[in-house]
Amino acid sequence: MTSLQSARLVKTVDRVYHNVPFYRKKMQELGLEPGDIRGIEDIEKLPFTTKNDLRDNYPFGLFAAPQSEIVRVHASSGTTGKATVVGYTRKDLEVWSECVARALTMAGVTKDDVIQVAYGYGLFTGGLGAHGGAEKLGAVVVPMSTGNTKKLTTMMKDFGVTAIACTPSYLLHIAETLEEEGAIPDIKLKAAICGAEPWTENMRLQIEKKLNIHAHDIYGLSEIMGPGVACDCIHHKGLHVYEDYFLPEVIDSETLKAVKPGETGELVFTTLTKEGIPLLRYRTRDLTSIDYSPCECGRTLARISRFKGRSDDMLIIRGVNVFPSQIEAALLEMGETTPHYMMIVDRVNNLDTLEVQVEVDEKFFSDEIKELENLTKKIAHVIQQAIGLAVKVKLVEPKSIERSMGKAVHVIDKRKLV
Ligand code: DLL
């Protein structure tokens, strides 16, 4: 494995140095030439990459392949207005499908299964990513996307669906709908691969019990590829990282030095074969620990522990990545509001809800009720445009949102991960 990773790392460094001005400049600033990187033992010499670097080079500035070789783009939220855009060559898509197919195999899915993909299809990597892997495996793919639970449960029964890929909170919602319909005895579901948001071992067990299935944890992020960077096997003792494609490091977010195996730190990835947008030492902000010991399942791939949170303020609401700063930027752009706002995130019937309370000038409260309603609608629209999620907006009087003495608090997250 190490020699394969080293050979691939050398190639990747060469590729980005010669094709991506951003990396060439960064390496030159560090006095590095591609020849200085001879293997993974040299990884710490290389510069880090952050989400902001992708944003600053929006949209295609970090691409390492000519546009004629890019066959797909996906995008996720940036820290402010601009999205983070990633591009895939045909080979990148093949590798992606291969990784997701491996993850599905870990969950016991085979070509004889019927799988509903109920992640969102579109710019989000969940839908098309899971879809590609399931097709590669040869299973029958039902591309549901999200949104119509009734149709999903009907098809689950009628098509004899045996596997599902969706967020864990959505699967709990589906389970409850099936319970209400009294349909649990009629379904043939046996496996689920869930990810895209944090969940606990308890929630996994609850899903397994409710539906009498095996539920697996799949991890990924669009910058590195999408779903299928890591997945847990039947022993559920951490997620196996596909180390032949992605080189993991776990670092201390302050010192930026590697922590010891088993210690919690920030997960960092270097892509080893990507052509469209290869990234060196991408700081995921996801907090985890790594275990290099072989697993009971026989796989020797390193395992990362279930995620312990993030080192930034990104929230995941209904699978969508949301930064408070996006809302702030949208409000400031509007002009009629102050940047004093509070996001209240909750989970009702296993579906996330978001209310944004916004302070507005006193005069709006003395104006006609119509004015207030119009402003509420306008703010809801502007925020929805900015974050891609429908929100409930509540206008509040000046100074009613508590001011903080230290770091401003913009989020109250009432979701309890069971
Ligand atoms: O969420 C890709 C994905 C789709 C993964 C479907 C799994 C299933 P992004 O939208 O770029 O990509 O969001 C990536 O989501 O940095 C984590 O913070 C979080 N995340 C993803 N999977 C998990 C998981 C997709 N299994 C961000 N557990 C990541 C906890 C997860 N957090």
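All of these numbers come straight from a predicted model, not from anything done at the bench. (Residues numbered from 1 in each chain as written. Predicted model: local features only at pLDDT ≥ 70, side-chain atom pairs only at ≥ 80, totals over all residues. Heavy atoms only, no water.)

### Some details on the sheet that holds strand E6 (residues 191-195)
Moving on, step 1. Ordered in space as E4-E3-E5-E6-E7-E8-E9-E14-E13, the nine strands form an open sheet in which the pairing is mixed. At either margin of the open sheet sits one strand with a lone partner, and together these are strand E4 (140-142) and strand E13 (290-291).
Moving on, step 2. The sheet contact formed by strand E9 (residues 239-241) and strand E14 (residues 303-304) spans two bridges and is antiparallel. Directly across from histidine 240, in E14, lies its bridge partner arginine 303.
Moving on, step 3. On top of the sheet, helix H4 (residues 90-106) reaches strand E3 (114-117), E6, strand E7 (214-221), strand E8 (226-232) and E9; it is set at about 30° to E8, its chief contact. (Pairing = 2+ DSSP bridges. Helix = DSSP H or I, 4+ residues; strand = E, 2+ residues; numbered from the N terminus. Contact = heavy atoms within 4.5 Å. Axes fitted to C-alpha atoms, helices over the stretch in contact; angles between N-to-C directions.)

### Considering the pattern of salt bridges
Moving on, step 1. Going through the model one piece at a time under the given rule, you end up with 27 salt bridges.
Moving on, step 2. Linking aspartate 56 and arginine 55 is a salt bridge whose minimum nitrogen-to-oxygen distance equals 4.0 Å.
Moving on, step 3. When its relative accessible area of 55% is taken as the criterion, aspartate 56 is described as exposed.
Moving on, step 4. Residue arginine 55 is classed as partly exposed on the basis of its relative accessible area of 24%.
Moving on, step 5. In this structure, the salt-bridge partner of glutamate 179 is lysine 210, at a minimum N-O distance of 3.5 Å. Here lysine 210 lies in helix H8 (residues 201-211) and glutamate 179 lies in helix H7 (residues 168-180), a separation of 31 residues in the sequence.
Moving on, step 6. Here lysine 210 falls in the partly exposed class, since its relative accessible area comes to 22%. (Salt bridge = Lys/Arg side-chain N within 4 Å of Asp/Glu carboxyl O. Buried < 20%, exposed > 50% of the residue type's maximum accessible area, 1.4 Å probe, protein only.)

### So, the site of the ligand
Moving on, step 1. Taken together, 20 residues lie near the ligand, and Ala196, Asp217, Ile218, Ser222 and Asp286 sit nearest.
Moving on, step 2. The separation between a nitrogen atom of the ligand and a polar side-chain atom of aspartate 217 is 2.8 Å.
Moving on, step 3. A distance of 2.6 Å separates an oxygen atom of the ligand from a polar side-chain atom of serine 222.
Moving on, step 4. Calculation on the ligand without its partners gives an accessible area of 600 Å², and the protein chains cover 97% of this total.
Moving on, step 5. For the shell around the ligand, the elements supplying multiple residues, two or more each, are helix H5 (125-137) and E7.
Moving on, step 6. If one sorts the elements of the shell around the ligand by residue count, E7 sits on top with five residues.
Moving on, step 7. For the shell around the ligand, the per-class residue count stands at 10 nonpolar, six polar and four charged. (Near = heavy atom within 4 Å. Polar contact = N/O pair within 3.5 Å; in protein donor to acceptor, adjacent residues only side chain to side chain. Areas by Shrake-Rupley, 256 points an atom, 1.4 Å probe, with all protein chains shown as cover. Nonpolar A, V, L, I, M, F, W, Y, C, P; charged D, E, K, R; others polar.)

### A few points about the environment of isoleucine 187
Moving on, step 1. When you line up the elements, isoleucine 187 lands in the loop between H7 and E6.
Moving on, step 2. Note: C-alpha distance between isoleucine 187 and threonine 338 (151 residues apart in sequence) is 51 Å.

### Concerning the nonpolar core
Moving on, step 1. Residues Leu46, Tyr219 and Phe246 are the most contacted members of the largest nonpolar core, which totals 73 residues.
Moving on, step 2. Not counting residues up to four positions away in its chain, the partners in contact with tyrosine 219 are Gly226, Pro227, Gly228, Val229, Ala230, Leu239, Leu267, Phe269, Thr284, Asp286, Ile304 and Phe307.
Moving on, step 3. One finds Met156, Ala175, Ala192 and Ala215 within the second-largest nonpolar core, a separate group that totals 26 residues. (Core = buried A, V, L, I, M, F, W, Y, C linked by side-chain atoms within 4.5 Å.)

### A closer look at the domain arrangement of the protein
Moving on, step 1. Domain boundaries in the protein define domain 1 (88-310) and domain 2 (315-416).
Moving on, step 2. Here domain 1 and domain 2 have C-alpha centroids that lie 31 Å from each other.
Moving on, step 3. The interface of domain 1 with domain 2 comprises 11 residues on the first partner and seven residues on the second.
Moving on, step 4. With both sides pooled, the region where domain 1 packs onto domain 2 buries about 750 Å², and carbon together with sulfur makes up 53% of that total. (Domains from an automatic or database assignment. Buried area = accessible area lost by both parts, 1.4 Å probe.)

### Overview of the environment of aspartate 186
Moving on, step 1. Among the structural elements, aspartate 186 can be located in the loop between H7 and E6.
Moving on, step 2. Judged by relative accessible area, aspartate 186 falls into the partly exposed class, the value being 49%.
Moving on, step 3. In the structure, aspartate 186 is positioned 171 residues away from glutamine 357 in sequence and 44 Å away in space, judged by C-alpha atoms.

### Points about H5
Moving on, step 1. Taking 1.5 Å of rise per residue, the 13 residues of H5 would be expected to cover 18 Å, and the 18 Å separating its terminal C-alpha atoms lies within 8% of that figure.
Moving on, step 2. Considered for burial, the residues of H5 that qualify are Thr125, Gly126, Gly127, Gly129, Ala130, His131, Gly132, Gly133 and Ala134.
Moving on, step 3. Glycine 138 occupies a position one or two residues after H5 and carries a positive phi of about 95°. (Expected span 1.5 Å × (residues − 1).)

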